[in-house]
Structures are given as C-alpha cells and as structure tokens.
Amino acid sequence: MATGMRTKRVAKERQKIDKFGLPPGIELVEGNDLKEWLFDIRVLDNNPLYNDNVYRLKFVFSDSYPIEPPEVTFVDKPARPVPMHPHIYSNGIICLDLLGNQGWSPVQSAESICMSIQSMLTSNSKNERPPGDEEFVRVNRQRPRDIEFLYHDNTV
Amino acid sequence: MDSEEEYMSPISTDDDEIMQDDSGDELSGPDDFDEDDFDEPDPDFGLSAKDMDKKKTAAHAVSFKVLEPSDIRRQQDDMMNDVNLILDLTKEDAAIMLRYFRWNKERLLEDYMDRPEKVLEAAGLNSSSSSQPKLQAVPGFVCDICCEDEEGLQTFAMKCGHRYCVNCYRQYLTQKIQDEGESARIQCPSDGCGRILDSRSLDLLVTPELTDRYNELLNRTYVEDKDTFKWCPAPDCPNAIECGVKKKDLDKIVPTVECLCGNRFCFGCANPDHQPAPCDLVKRWLKKCADDSETANWISAHTKECPKCSSTIEKNGGCNHMTCRKCKYEFCWMCMGLWSEHGTSWYNCNRYEEKSGAEARDAQTRSRTSLERYLHYYNRYANHEQSAKLDKDIAQKTEKKMVQLQTTSGMSWIEVQYLNSASQALQTCRQTLKWTYAFAFYLAKTNLTEIFEDNQKDLEMAVENLSEMFEKPINELSDPKLKVDIMDKTSYCNKRRIILLEDTAENLAKAKWTFNADLMNGSTLLLNKH
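Since this is a predicted model, take the numbers as computed values, not measurements.

J.: When you look at the interface of chain B and chain A in this model, what are you seeing that I'm missing?
T.: A common way to report how large an interface is uses the accessible area buried once the components associate. Counting from both sides, the interface comprises 17 residues of chain B and, opposite them, 15 residues of chain A. At the boundary of chain B with chain A, total buried surface from both sides reaches about 1500 Å², with 54% on carbon and sulfur atoms. Connecting chain B to chain A are one salt bridge. Across the pair Lys8 of chain A and Glu148 of chain B runs a salt bridge, and its minimum N-O distance is 3.0 Å. In this assembly, chain B and chain A are joined by six residue pairs in polar contact (both at pLDDT 80 or more). If one sorts the elements of the side of chain B that touches chain A by residue count, helix H8 (residues 166-179) of chain B sits on top with six residues. Of the residues contributing to the side of chain B that touches chain A, the split by class is seven nonpolar, four polar and six charged.

Here it is, written out as structure tokens:
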C-alpha cells in the first residue's frame, strides 16, 4: 500500500508539472522515474553569490513519501557546483527544517521544496559554509534525514 | 528433579497472574477517579518549603521524591480534572491545554481568564464548533496527500477542517507515534496548521496498540515537560524523581538522588552519582578523558621529547642512538644525554649521572608536568572505578561462600548482612573517591585544598582497609572478632565519606573553591603558581 501511495503521488505531481509548468528559475531535468528526480534551479535576482550559476538538486522519494519528506541534496558536477550557504554543506547536504520530519508536512511537494530552497539562496548574503563543514563532510555517513540538525537560525 | 519442577511451575504461574491482576487494577484506576480520588487532599506538587527544611539535614544532601508510574498518572488526572471543572473544557481539551502550558496550571488559568480565544488558538484548539470527530465520505473529494479521488472515500478532518483520506491520516499518525515517538504535539498534517491532535480523534483513527503507545509517550512528556521531574536513568526503571534543584544552582550544589530501584544518580545531569564534583566539572572531565586519556597514556609510555627541540619522538626499534628528524640533534634514548659523550663504539648506556643527560631529563620533566599532572589524577580516578568493580566481584563471591557458611556454621541470614553493607559502603565510597580526583584536577591550590586532600586521604585509607578485609579467607570471615572489625570499618568509611562531602558541599555552596578553569564559561584561566 505504501509503495502505491508514493507512485501515485509522484505521478500526480509529475502530471501537474506537465500541465501547469514550474515557477521561473526551476526546471525539471529528469522526472521520468517515480523514485528519483533532478531539478536545476537558479536565483531570480542578482545576488552576487549565485546569479551566474545553475545548481542541481536531487530528489529521492522513499516509499513512505509523502508521509515522510523526500531526500533532497545538491549534486556536485563541473557545471553544477554546490552553492555557498551557511546551511549547505560542501557535500550537498542541506540543513533545512522543511526536509526533516519535524518541519515536513505531507501537503508539501517537490515543487514547494524547490521554491523554498530557491528563496533560501536568494535571501542569503553570507559567502560561507556551515560551521564544522570540513569535519562533517569527512565523518558523516548518515543519510541526510537521519542527521539530527538543530534548526536554530530563522534568519536565512 | 522432575517432580520438583512440576511442583514449582504452577506456583510461578499463579504469581504471574496475581501480578497481572494488580497492574490491571492500576490501569483502570484513572477511569473511576471521579469517585475514588476526589476527596484526596491536593496532590503534593512541588514540595512545600516546610518539607524542604525538614528533610534538609546536610549540605551535600538534597530533598527529593520518587514517583512511581501510578503517581505520575494520578497527578496528570488530578490536574486535568481541576482544569476541566474550572474552565468548562472537555478533559481532552484540558489535557492539550495543560501540555501546551507545560503543566503549569496557574499560568494556564491566568492566561485563559485573560484571553481565552488567543490561548485556545495558541494551544491548537482554535475554532469553537464542538461537534464530535467522525469519519465521513465527501462527494468530489481529492486527498491532497495521496491524490486519491475514489468515490465514497472515507475521510477525516479535525476541527481545523483540513481533510485527508483515512489511510493517509492513519499512516501519518503511525509515522509520528511509532517512528518519531511524538505524542503531545502531533499537529494536523496540513502545512503550518498548528492544530494538535486530541486523543478522541486518535482513538477513531488508529489501532488500540498505537493508542497504548501514544498514551505511554504522553505519560513521558509529562515528566519531560516539568523541570522539577526527571526519569530514573536505570534501564527498565519506570520511576521518576521530583527534585527542586534548579539548573542555575548546579555550580553550588551536587544533587544526588536515589531511586526506589537503588540507582543513585545526579538530578542535574543524570550521570551516576558524582559527588563532590559539580556537574559542569564532570562534563568537562568526561570529555577530557574521552579525548585525551588514551592518547596521553600512550604518549607518556612510548615517547620522549627531543632534548633540543622538544619534538615528540617515538622509538620504534633499533638502538639507543637517536637522531632527531627535525633538528638533527643526536642523543641517547636511555639517558637523554648528548650522544657524542658516549664515545663512538659505546652502544650501551650506563652514563645516567652525566650532566648533559641530567639537564635534558629535567627539561623533559618540566615539559611533561601538565601531562603527568593529568595522568596522576586520571589514573587514580580510573583506579577507583576499576577497584569498585573488583570489590563488587569479590563481595559477590564472598556472599556465595557465606551462604555455604550459613549452613555449616549455623549463622543466620541476618547475621551475614554485615558483608552486604560493607560491600555497599565500598561501592559508594569508591564512587565518591573517584570523583574527588576529577574535582582535585580542576582545583587550584588554596588553604582549603589541604583540608580537602586530608579528607581524601583519610577516606582512601579507610576504604583500602575495608577493601582488604574482603580478601581474607572465608573461614576467617566468620570469626566474630573479624565481623565486628568489618562493621566498625564500614561505619568509619561511611563517616569519612560524609565528612568529605559535607566539607566540599559547604564550600561549594559558598563559592569558596578556586578552580583553575572557569567552569561556567568554559574558558581556561591561568593558574596561579603555588
């Protein structure tokens, strides 16, 4: 039953995207699979940190999606770097309450997540990684959603 | 043998049944509290000042109360009833409100009287329609979660009106309760809706097993929500401890409490009893030991520093003629003296008294002082930890032998209990001693430290003397003279421990100790040379 829920829901989201399109700056690169999607996003203003770049997001939908949030990370590729941000680790893991069980709501969707991440970039002015990035990237072997982030910063 | 087993088994089954009956009664208790518990006096929430004074006899002791699961349930029910009566809310709503206010009834009543609407909304009880929650099929409904739009789909919504299909709702709640261990603050699945799930809606949606789990978790939040409550950290112990010591006082007092299960722990940080060391010091010490002790021990045992440039050098084989990789200084590993003084073919060092070697060794000593200082305290700390374990083993073995002795020498059970109290005393005293070493490591030398070290020495001697008794052969142990001796030594140990704890606790309360690290701010201060 659980798997049925995921496939049905992801398929519905796909249909909606095909029918109504996506907001500006967000583009579905690969979405034929019902388990894994790729998006390209860019900022719409001229934030000097990001305005020249396009970033790639990878979505992995678990069988419990949308009861559980999808796993969303930035992909590191030559033309698709991981954006500099105090809440984004250099290995692409994003610290965002929306992507944890606490902040997630099953009513959210891939599209709404992309928009949240887009605005997270737009509103940032700090050209830095999270504190302890190097250590975290070196030792972390956990899946993003099993990491206990402390969401303390409401400004970014 | 066979017949014995057959004889035994029915008895144990009976016992089990009796146990189950008991707990069954307890569980059904909350349902009929209206008749039973109503005439009881006010539940003793927070110990009154009078109680505190009465119980507080020593500076190192704090007053506390052990709460068993039935006490915890009763307290919650009493509060829900009170609020239910005063504010004309249903019991479910009263429960939600109380949880929202972290069981601060007074604040709830006050705030509710002032602005009922606002408070209700904040607690997730907005919207006033009082219809019972029910499942229904809505024509033309599409579930926002699974996108199902089948005709006649059963759906559910709380009073907030966010409607989803029953399957999704059920799965959402299962996930929250089973996987995430949530209970008191499960919100409506809709994004940004703060409506909190009430127990009646839950009953409607999920299996009884899940409801049980939910109630168990709720019970836990009650204890976790209140600053004056803490769970006993012993495995499988269902009790909680109530104690009035506040977080900000933890630099002045070490609140050791003891649960009915016998577990002694610190109410401040839930670590095992660590008197006389305050919580913050304990935290630092444990971290330091986890980080450093192995490494430091290894460095101390396997390396030396180059007499010239002080690089740490490990000798991994070969002869004593060392050439420092960094500064190319040549020296002898044994005496640390200049190699040239050894002569060319002299590969065996017997020159320990040479001047250059002595100087190099001095320098080495100085540079290692801080490491050695730490290891001094750490080794004694670790030793008492280890000894406590060994004492326990020996005591257990002795006890077994005493049982044998009971039958041969005709001593009664009660007569061998002195061994038990001796073993108990050893455990407690070693635990205290262990932490005196962590305490001493952070202590800067003042006049008070001398008294402290004397007390520490006295307790240590008392403990070692008592510990030695356990090594006597078993036939000597039953000697009445030795028995009196052990009992005397036991009570002496306990007395010495109290003296030490009183002294440290009093000075801690008056902030008279000088620490060589600023414990509260986490920065290390410079040590005054003594």
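J.: So what exactly am I meant to see when it comes to a nonpolar patch on the surface here?
T.: Residues and elements named next belong to chain B. A surface patch of nonpolar side chains, amounting to about 320 Å² of accessible area, comprises Leu85, Ile86 and Met113. As for its placement among the helices and strands, Ile86 is situated in helix H4 (residues 69-87). In this structure Ile86 comes out as partly exposed when scored by relative accessible area, which is 46%.

J.: Would you take a moment to explain the side chain of Asp133 of chain A for this structure?
T.: You can see Asp133 of chain A is positioned in helix H3 (residues 133-139). Those residues within four positions of Asp133 of chain A in sequence are excluded, and the remaining contacts are Tyr89 and Ser90 of chain A.

J.: Got a minute to help me understand the sheet that holds strand S2 (residues 36-41) of chain A in this structure?
T.: Think of a sheet as strands paired side by side through backbone hydrogen bonds, with each pair either parallel or antiparallel. All names here are of chain A. Spatially, the four strands line up as an open sheet ordered S1-S2-S3-S4, and their pairing is antiparallel. Sheet topology places strand S1 (26-30) and strand S4 (71-75) at the edges, where each strand pairs with a single neighbour. Between one strand axis and the next, the sheet turns by 30° as a mean value, whatever way the strands run. When S2 meets strand S3 (residues 55-60), the two strands line up antiparallel, connected through six bridges. Of the residues in S3, the one forming a bridge with Asp40 is Arg56.

J.: I would appreciate a short explanation of the confidence of the model for chain A in the present structure.
T.: Taken residue by residue, chain A gives an average pLDDT of 86. The fraction at 70 or more is 88%. Predicted confidence in chain A is weakest over H3 of chain A, with a mean pLDDT of 81, and strongest over S3 of chain A, with 95.

J.: Could you clarify how one ought to interpret the packing of H8 of chain B against helix H10 (residues 208-225) of chain B in this entry?
T.: Each pair of packed helices gets described by two things: the angle between the helix axes and the distance between those axes. Residues and elements named next belong to chain B. Taken N-terminus to C-terminus, the directions of H8 and H10 make an angle of 50°; their axes are 10 Å apart at the nearest point. Compared by their axis directions, H8 and H10 come out oblique. Regarding H8 and H10, the two cross each other, and that crossing is left-handed. On H10, the residues touching Leu173, Thr174, Ile177 and Gln178 of H8 are Leu210, Arg213, Tyr214 and Leu217. Its residues assigned to classes, the contact of H8 with H10 comprises five nonpolar, two polar and one charged.

J.: Could you clarify how one ought to interpret unusual backbone geometry in this entry?
T.: Across the chain, the bulk of peptide bonds are trans and the bulk of non-glycine residues have phi less than zero. Backbone torsion omega between Tyr65 of chain A and Pro66 of chain A reads 5°, so that peptide bond is classified as cis. Within the secondary structure, Pro66 of chain A is located in the loop between S3 and S4. Each neighbour pair has its own omega, and for Gln275 of chain B with Pro276 of chain B the value is 5°, a cis peptide bond. Summarising the element assignment, Pro276 of chain B is placed in the loop between strand S8 (264-266) and helix H11 (279-302). For Arg102 of chain B, which is not glycine, the phi dihedral falls at a positive 50°. A relative accessible area of 45% means that Arg102 of chain B is categorised as partly exposed. Non-glycine residue Lys328 of chain B carries a positive phi angle of around 65°. Following the sequence through the fold, Lys328 of chain B ends up in the loop between strand S11 (321-323) and strand S12 (330-332).

Rules used throughout
Residues numbered from 1 in each chain as written. Chains lettered and ligands numbered in written order. Predicted model: local features only at pLDDT ≥ 70, side-chain atom pairs only at ≥ 80, totals over all residues. Heavy atoms only, no water. Contact = heavy atoms within 4.5 Å. Buried area = accessible area lost by both parts, 1.4 Å probe. Salt bridge = Lys/Arg side-chain N within 4 Å of Asp/Glu carboxyl O. Polar contact = N/O pair within 3.5 Å; in protein donor to acceptor, adjacent residues only side chain to side chain. Helix = DSSP H or I, 4+ residues; strand = E, 2+ residues; numbered from the N terminus. Nonpolar A, V, L, I, M, F, W, Y, C, P; charged D, E, K, R; others polar. Patch = residues over 30% accessible without salt bridge, like charges linked within 9 Å, V, L, I, M, F, W, Y side chains within 5 Å. Areas by Shrake-Rupley, 256 points an atom, 1.4 Å probe, with all protein chains shown as cover. Buried < 20%, exposed > 50% of the residue type's maximum accessible area, 1.4 Å probe, protein only. Pairing = 2+ DSSP bridges. Axes fitted to C-alpha atoms, helices over the stretch in contact; angles between N-to-C directions. pLDDT = per-residue confidence, 0-100. Parallel < 35°, antiparallel > 145°, perpendicular 65-115°, else oblique. Left-handed = near helix turned anticlockwise from the far one by under 90°.

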